[in-house]
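Observations on the model geometry
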Amino acid sequence: MTKTNEVVTNISLSSWDYISPESEIVHPDSSFPNMIIGDLNNCYWSYLRREIPHNWYVDRDEPFIGFLNRDETHILYNTALKFAGKKALEIGCLRGWSACHLALGGVELDVIDPFLAREDVYESVSTSLRLAGVIDSVNLVAGYSPQKVEELAKQLQRKWSLIFIDGDHEAPAPLNDTIICEPLVEADALILFHDLTSPDVAQGLDYLKEKGWNTIIYQTMQIMGAAWRGNVEPVKHQPDPKINWDLPKHLEHYSVSGL
């Protein structure tokens, strides 16, 4: 398999490594030597869509917590391309797989995660970002949201154009993350969510929709979503046609990209 961080047009992926057509593709796998295809039986989270056969990636040292899959990281990467050169924020980075894809898209990225206070996690994340050639555009911050989000914004006198919320998934954390982020974005801004399979996470997207933001859902293994305002647009996405997709009841009032 080709190992490159460059944009590629022809790469040999597993049949269950779906990427939406017309997406620009990156492949930073060589920067994550501990990444493996996980065993779904190791994860007890009730909102993991085990029926979706796409590859579920994990770190071999923490095999019970999943990364974004290949399709989901390319929603991140292709969205970041639209914001290249602008400030972005990620809440929750696990081992840096999602942060790497955002940074490869050319954004100047702040990352907040309490686990970055662990020396082994910080070393793992920073090493992978260094191998991928993006460490200089990523600011790794150990801390808990939403408090650290507000603190960082004040400290750096910063607003963000792109935000990815993938932190604590238990209510009211996703909603609180969203509430703190909304006044800290630029007039032209987009906020992405992962794991909308969980109603707790969906509370964040619901909040922005009620506040008048435009919204869209991406039918991926764990369901992503975007809210945006101003002069920006979300990436288009075509769900894997090999899968008979359904939508949880709490998301039925959303439009789905590509459908």
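This text follows the structure it describes.
Let me sum up the structure you'll find in this document.

Reading guide: rules and limits
Residues numbered from 1 in each chain as written. Predicted model: local features only at pLDDT ≥ 70, side-chain atom pairs only at ≥ 80, totals over all residues. Heavy atoms only, no water. Helix = DSSP H or I, 4+ residues; strand = E, 2+ residues; numbered from the N terminus. Rg over C-alpha atoms; globule rule 2.2 N^0.38 Å. Buried < 20%, exposed > 50% of the residue type's maximum accessible area, 1.4 Å probe, protein only. Contact = heavy atoms within 4.5 Å. Areas by Shrake-Rupley, 256 points an atom, 1.4 Å probe, with all protein chains shown as cover. Lys, Arg positive; Asp, Glu negative; His and termini not counted. Charge placed at Lys NZ, Arg CZ, Asp CG, Glu CD. Disulfide = S-S within 2.5 Å. Pairing = 2+ DSSP bridges. Axes fitted to C-alpha atoms, helices over the stretch in contact; angles between N-to-C directions. Salt bridge = Lys/Arg side-chain N within 4 Å of Asp/Glu carboxyl O. Parallel < 35°, antiparallel > 145°, perpendicular 65-115°, else oblique. Left-handed = near helix turned anticlockwise from the far one by under 90°. Nonpolar A, V, L, I, M, F, W, Y, C, P; charged D, E, K, R; others polar. Polar contact = N/O pair within 3.5 Å; in protein donor to acceptor, adjacent residues only side chain to side chain. Core = buried A, V, L, I, M, F, W, Y, C linked by side-chain atoms within 4.5 Å.

Moving on to the overall build of the protein chain. The secondary structure content of the protein chain amounts to 6 helices and 12 strands. The C-alpha radius of gyration computed for the protein chain amounts to 17 Å, which stays within 12% of the reference 18 Å derived for 259 residues, consistent with globular compactness. Considered along the principal axes of its C-alpha atoms, the protein chain spans approximately 45 × 40 × 35 Å. Burial statistics for the protein chain: of 259 residues in total, 55% are counted as buried. Residue pairs in contact within the protein chain that sit at least 24 positions apart in sequence constitute 68% of those at least 6 positions apart. Accessible surface computed for the protein chain: about 11400 Å², of which carbon and sulfur atoms make up 49%. The distance from the centre of the 21 positive side-chain charges to the centre of the 37 negative ones in the protein chain is 3 Å.

With that settled, the discussion passes to the state of the cysteines. In this structure the tally under the stated criterion is 0 disulfides. With no disulfide of its own, Cys43 lies 18 Å from the sulfur of Cys93, the closest cysteine sulfur.

Before going further, it helps to spend a moment on the sheet that holds strand S11 (residues 214–218). The sheet built from 7 strands is open, its strands ordered S8-S7-S6-S9-S10-S12-S11 with mixed pairing. Of all the strands in the sheet, the pair left with one neighbour each is strand S8 (138–141) and S11. On average, adjacent strands in this sheet sit at an angle of 15° to one another, irrespective of strand direction. Here strand S10 (residues 185–193) runs beside strand S12 (residues 224–229); their pairing, made up of 5 bridges, is antiparallel.

Applying the stated rule across the entire model yields 11 salt bridges. Where Arg70 meets Asp29, a salt bridge forms, and the shortest distance between an N and an O atom there is 2.7 Å. Here the residue Arg70 occupies a position in helix H1 (residues 70–82), and Asp29 occupies one in the loop between strand S2 (25–27) and strand S3 (35–37), the gap between them amounting to 41 residues. Asp29 matches Arg70 in its accessibility class, with the two residues each being buried. Two residues, Glu108 and Lys87, come together in a salt bridge whose shortest N-O distance is 3.3 Å. In this pair, Glu108 is assigned in strand S7 (residues 108–112) and Lys87 in strand S6 (residues 87–91), connecting sequence segments 21 residues apart. Under the relative-accessibility criterion, Lys87 is labelled partly exposed at 26%.

Look at helix H5 (residues 173–181) against helix H6 (residues 199–210): their axes get within 6 Å of each other, and the N-to-C directions meet at 30°. Considered as vectors, H5 and H6 are oriented roughly parallel to each other. Of the two possible hands of crossing, H5 and H6 adopt the one that is right-handed. Contacts between H5 and H6 involve Pro174, Leu175, Thr178 and Ile179 from the former and Asp200, Val201, Gln203, Gly204, Tyr207 and Leu208 from the latter. A breakdown of the residues in the contact of H5 with H6 according to their chemical character gives 6 nonpolar, 3 polar and 1 charged.

What follows covers the side chain of Arg95. Looking at the secondary structure, you find Arg95 in the loop between S6 and helix H2 (97–104). A distance of 3.1 Å separates polar atoms of two side chains, one belonging to Arg95 and the other to Glu62. Excluding anything up to four places from it in sequence, Arg95 contacts Phe32, Asp59, Asp61, Glu62, Phe67, Arg118, Asp120, Val121, Ser124 and Val125.

Let's shift gears to the nonpolar core. Leu102, Val107, Leu109, Val111, Leu162, Leu192 and Tyr218 are the most contacted members of the largest nonpolar core, which has 41 residues in total. With 6 residues, H2 is the single largest residue contributor to this core. Apart from residues lying up to four places away in sequence, Tyr218 is in contact with Ile75, Leu192, Ile223, Met224, Gly225, Ala226, Pro234, Val235, His237 and Ser257. Listed in part, the 30 residues of the second largest apolar core include Cys181, Val185, Ala202 and Ala227.

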